[in-house]
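Structural characterization, general
Each chain, written out:
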Amino acid sequence: MSCSVFVGNLTWSTTSEQLQEFAAPVGRVVSAEVKRHEDTARSKGWGLVTFSDHASAAKAVADLNATDLNGRAVHVRLDRDVVETSHNVFVGNLPWAFTSEELNALFQAYRPTECQVLTNMYGKSRGFAIVKFANEGDADRAIAGLNGLEVQGRNIECRLDRGPGKGEEVSARTSVFVAKIGPMMTDEALGQLFAHVGQVVSAKVNRYADKKAEGWGIVKFADAAAAKAAVETMNNVPSSPGQPGIKVRFDRK
């Protein structure tokens, strides 16, 4: 039996210290951590609390589930390695002004473990989101209940997230998605940045209608080996002096 409990539906402002104080009455807390995104340090809306013994963890589930923490009824259950076992739902066609907080409220009845509207390097919505669930049943119910729902004048799309490697072998992919590239990056410069990895067939910086860079692009290589090398060696390499390190993964399209 686990000594750790998962605490979900946290407010974005809840801190690890507040989470520890919340859990302390039921037993000795060894650690309490609100999980955060590595790139923005923004809360993921859930945390893990580890107790010194199994009995305290069980008591936390019995006494604290559905109780209030900073104005929200939190979900408390024994930890099941939520990150590794999560079931993701892709949410598309979101209104551009729709926030992660609004997304969390929309999905709250289906017990998500994490709701995040994806943004570019300027913090602007990319029009879609990923919502994570601890089990397949909650994910399926959310899709059934919300797919096609009108939200601020748009009918949103909800489906299981295919992610990298589903429907296609990742090892066969020749294109990579590159995020956190500098605002002055050109197609030519993006291609040159990856030229030493392998033969670049094309490099494209995605842009808004006003031609301003969105902060990401796609690089296509002549072979899958070069794409794999790019993913393995180019993460956290600055796109230009003074810029943060880029993020590279296989393109999901």
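Anything mentioned here points back to the structure above.
One structure accompanies this document, and this report is about it. Predicted model only: the values in this text are computed from it and were never measured. (Residues numbered from 1 in each chain as written. Predicted model: local features only at pLDDT ≥ 70, side-chain atom pairs only at ≥ 80, totals over all residues. Heavy atoms only, no water.)

The next subject is empty space enclosed by the protein. One pass over the full model with this rule turns up two cavities of 30 Å³ or more. Counted as a void, the second largest cavity has a volume near 30 Å³. Residue lining of the second largest cavity: V5, V7, L19, F22, A23, V49, L64 and V76, and that is the complete set. In terms of residue count, the dominant contributor to the lining of the second largest cavity is helix α1 (residues 16–23) (three residues). Considered class by class, the residues forming the lining of the second largest cavity number eight nonpolar, no polar and no charged. (1 Å grid on protein atoms, 1.4 Å probe; cavity = no way out; pocket = protein on both sides within 12 Å on 5 of 7 lines; lining within 4 Å. Points joined across faces, edges and corners; volume = space filled by probe spheres on them. Helix = DSSP H or I, 4+ residues; strand = E, 2+ residues; numbered from the N terminus. Nonpolar A, V, L, I, M, F, W, Y, C, P; charged D, E, K, R; others polar.)

This next bit is on the side chain of S175. Turning to its location among the elements, S175 is positioned in strand β13 (residues 175–179). Not counting chain neighbours up to four residues away, the residues in contact with S175 comprise I218, V219, K220, A227, F250 and D251. (Contact = heavy atoms within 4.5 Å.)

Okay, the side chain of E114 next. Tracing the backbone shows E114 in strand β8 (residues 114–119). Other than its neighbours up to four places away in sequence, E114 contacts H37, K44, W46, I130, V131 and K132.

For helix α4 (residues 100–107), every residue scored as buried is listed here: S100, L103, N104 and F107. The buried residues of α4 all sit within an arc of 100° when viewed along its axis, so they share a single face. Among the structural elements, β5 (72–73), β7 (87–92), β8, β9 (125–133), α5 (136–146) and β12 (157–160) are those in contact with the buried residues of α4. (Buried < 20%, exposed > 50% of the residue type's maximum accessible area, 1.4 Å probe, protein only. Arc of directions from axis to C-beta.)

Looking now at the sheet that holds β7. Spatial ordering of the open sheet is given by β8-β9-β7-β12, a layout of four strands whose pairing is antiparallel. Only two strands of the sheet have a single neighbouring strand rather than two, namely β8 and β12. Within this sheet the neighbouring strands show an average axis-to-axis angle of 25°, counted without direction. Across five bridges, the pairing between β8 and β9 is antiparallel. The partner of T119 across the bridge, within β9, is S125. Each of β7, β8, β9 and β12 is contacted by α4, which is oriented at about 145° to β8, the strand it contacts most. Along the sheet face, α5 touches β7, β9 and β12 and points at about 155° away from the line of β12. (Pairing = 2+ DSSP bridges. Axes fitted to C-alpha atoms, helices over the stretch in contact; angles between N-to-C directions.)

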